[in-house]
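Each chain is listed here by its residues.
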Amino acid sequence: MSKRLIINSDDYGRSPDISRGIRESHLRGVVTSTTCMMNIPTTAVDIGVAMRETPNLGLGVHLVLTAEKPILPRDQLKTITNEDGSFLKLAILLSKLDQIDMSEVKAEWRAQIEAFINAAGRKPTHLDSHHHSSFFSPALFRGMLELAKEYDCSIRFPFTNNISSELKQTFIEGPSLIKEFNPRHPDVFIVDFYDEQATQEILLGIINNLKDGSTEIMCHPGYVDDAFAKESSYNSQRETELKILTDPAIKQAIQARSIELITFANL
């Protein structure tokens with residue numbers, strides 16, 4: 001078997017500067033794919049730029065439940081929003097998983113996918129989710145799988161040895177859901193290139209130890225302005241990732257091992 005690698009940047013559209021950094025990490029580096037946060041008002045414009053400047057960059061949808069405001073009005077999303085109409089914060093969402101109305105979640109996620117299609121003029125290459133929220137419960141995972149089937153696109157495969165405590169129940173039930181829906185997905189999902197672990201040494205180690213088959217490496221490159229740095233704890237790390245992902249040594253290591261860079265559309 002050959003070794004095929006997707007290097008996917010989350011958070012396209014989170015800010016224009018982050019989107020610019022992701023495009024640069026594709027044009028000058030090894031990022032092959034990104035997922036778009038469609039509830040951010042400027043993302044549609046950023047998608048237009050990507051279609052012109054980076055036509056070979058895979059574009060998926062980063063389903064959102066835990067950041068900013070939804071696309072649909074609050075009166076349609078009462079179990080997943082605050083009084084001001086914004087999404088619940090991560091910790092609050094996790095504490096209320098058993099109170100979520102899945103019809104609300106699917107309606108909002110469908111609106112996000114449709115917003116992407118309107119902006120890009122095509123269906124997304126794949127679905128994943130901000131803060132991995134689509135994997136927080138079997139019901140949420142089922143909802144994403146139903147949408148992936150409806151829109152005929154791939155999904156991020158979340159089941160890794162480094163799984164977080166929030167995902168353990170889905171991890172237990174996940175294999176049966178995967179068997180039921182049979183979605184296209186990479187064989188392996190790697191989350192190790194993140195925060196303090198986002199170093200050239202670690203990325204080279206991942207590349208050097210890549211298994212046969214298809215693998216996704218998650219990353220978060222981008223440029224960060226002062227306003228974003230104040231609202232997000234993951235800020236300067238994005239520019240560190242950008243520097244590493246555009247380092248010629250990374251591309252050389254991939255080429256030296258005959259690793260094929262692909263997108264989710266190639267699965």
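Structure: see above.
Not measured: the values here are computed from a predicted model.

Draft legend 1. Focus on the pairing of strand β2 (residues 33-36). Residues of β2 alternate between two faces, with Ser 33 and Thr 35 on one and Thr 34 and Cys 36 on the opposite face, all of them buried. Relative to β2, strand β1 (residues 3-12) runs parallel, the two sharing three bridges. Counted as the bridge partner of Tyr 12 is Cys 36 from β2. Remark: the β1/helix α1 (residues 16-27)/β2 crossover connection has right-handed handedness. Taken together, the four bridges between β2 and strand β3 (residues 58-63) define a ladder with parallel strand orientation. In the strand pairing of β3, Thr 34 is matched with Leu 59.

Draft legend 2. Structural context of the packing of aromatic side chains. Throughout the structure, instances matching the rule amount to two aromatic pairs. Centroid distance Tyr 194 to Tyr 234: 4.4 Å. Interplanar angle 5°. Geometry classified as stacked. Taken as a pair, Tyr 194 in the loop between β6 (188-190) and α7 (200-208) and Tyr 234 in the loop between α8 (226-231) and α9 (236-245) lie far apart in primary sequence, 40 residues in all. Under the relative-accessibility criterion, Tyr 234 is labelled buried at 6%.

Draft legend 3. Representation of the environment of Arg 4. The topology assignment puts Arg 4 in strand β1. The class of Arg 4 is partly exposed, set by a relative accessible area of 23%. For the pair Arg 4 and Glu 53, spaced 49 residues apart in the sequence, the C-alpha separation amounts to 24 Å. Residues contacting Arg 4, with those up to four places away along its chain left out, are Gly 213, Ser 214, Thr 215, Glu 260, Ile 262 and Asn 266.

Draft legend 4. Fine view of the side chain of Asn 39. Examined against the element boundaries, Asn 39 turns out to sit in the loop between β2 and α2 (43-53). In this structure the side chain of Asn 39 is engaged in a polar contact, spanning 2.8 Å, whose partner is the backbone oxygen of Ala 67.

Draft legend 5. A look at unusual backbone geometry. Positive phi values are uncommon outside glycine, yet His 132 reaches one of about 60°. Along the polypeptide, His 132 turns up in the loop between β4 (126-129) and α5 (138-151). One non-glycine residue with positive phi stands out, namely Asp 152, at about 50°. Of note, Asp 152 is situated in the loop between α5 and β5 (154-155). By relative accessible area, Asp 152 is classed as partly exposed at 41%.

Draft legend 6. Here's a closer look at the pattern of salt bridges. Under the defined criterion, the tally for this structure stands at 15 salt bridges. When the shortest N-O distance is used, the salt bridge between Arg 156 and Asp 10 registers 2.8 Å. Residue Arg 156 is located in the loop between β5 and α6 (168-181), and its partner Asp 10 is located in strand β1; the two are separated by 146 residues in the primary sequence. You'll find Arg 156 and Asp 10 in the same group, each marked buried. Notably, a salt bridge pairs Glu 180 with Arg 142, separated by 2.9 Å at the nearest N-O pair. Placement of Glu 180 in helix α6 and of Arg 142 in helix α5 is noted, with a sequence separation of 38 residues between them. Via salt bridges that share partners, Asp 10, Asp 128, Arg 156 and Glu 216 belong to a single interconnected network.

What counts and how
Residues numbered from 1 in each chain as written. Predicted model: local features only at pLDDT ≥ 70, side-chain atom pairs only at ≥ 80, totals over all residues. Heavy atoms only, no water. Buried < 20%, exposed > 50% of the residue type's maximum accessible area, 1.4 Å probe, protein only. Helix = DSSP H or I, 4+ residues; strand = E, 2+ residues; numbered from the N terminus. Pairing = 2+ DSSP bridges. Right-handed = clockwise from strand over helix to strand, strands pointing away. Phe/Tyr/Trp six-rings, centres within 6.5 Å; stacked < 30°, edge-to-face > 60°. Contact = heavy atoms within 4.5 Å. Polar contact = N/O pair within 3.5 Å; in protein donor to acceptor, adjacent residues only side chain to side chain. Salt bridge = Lys/Arg side-chain N within 4 Å of Asp/Glu carboxyl O.

Coordinates in, geometry out; function isn't part of it.
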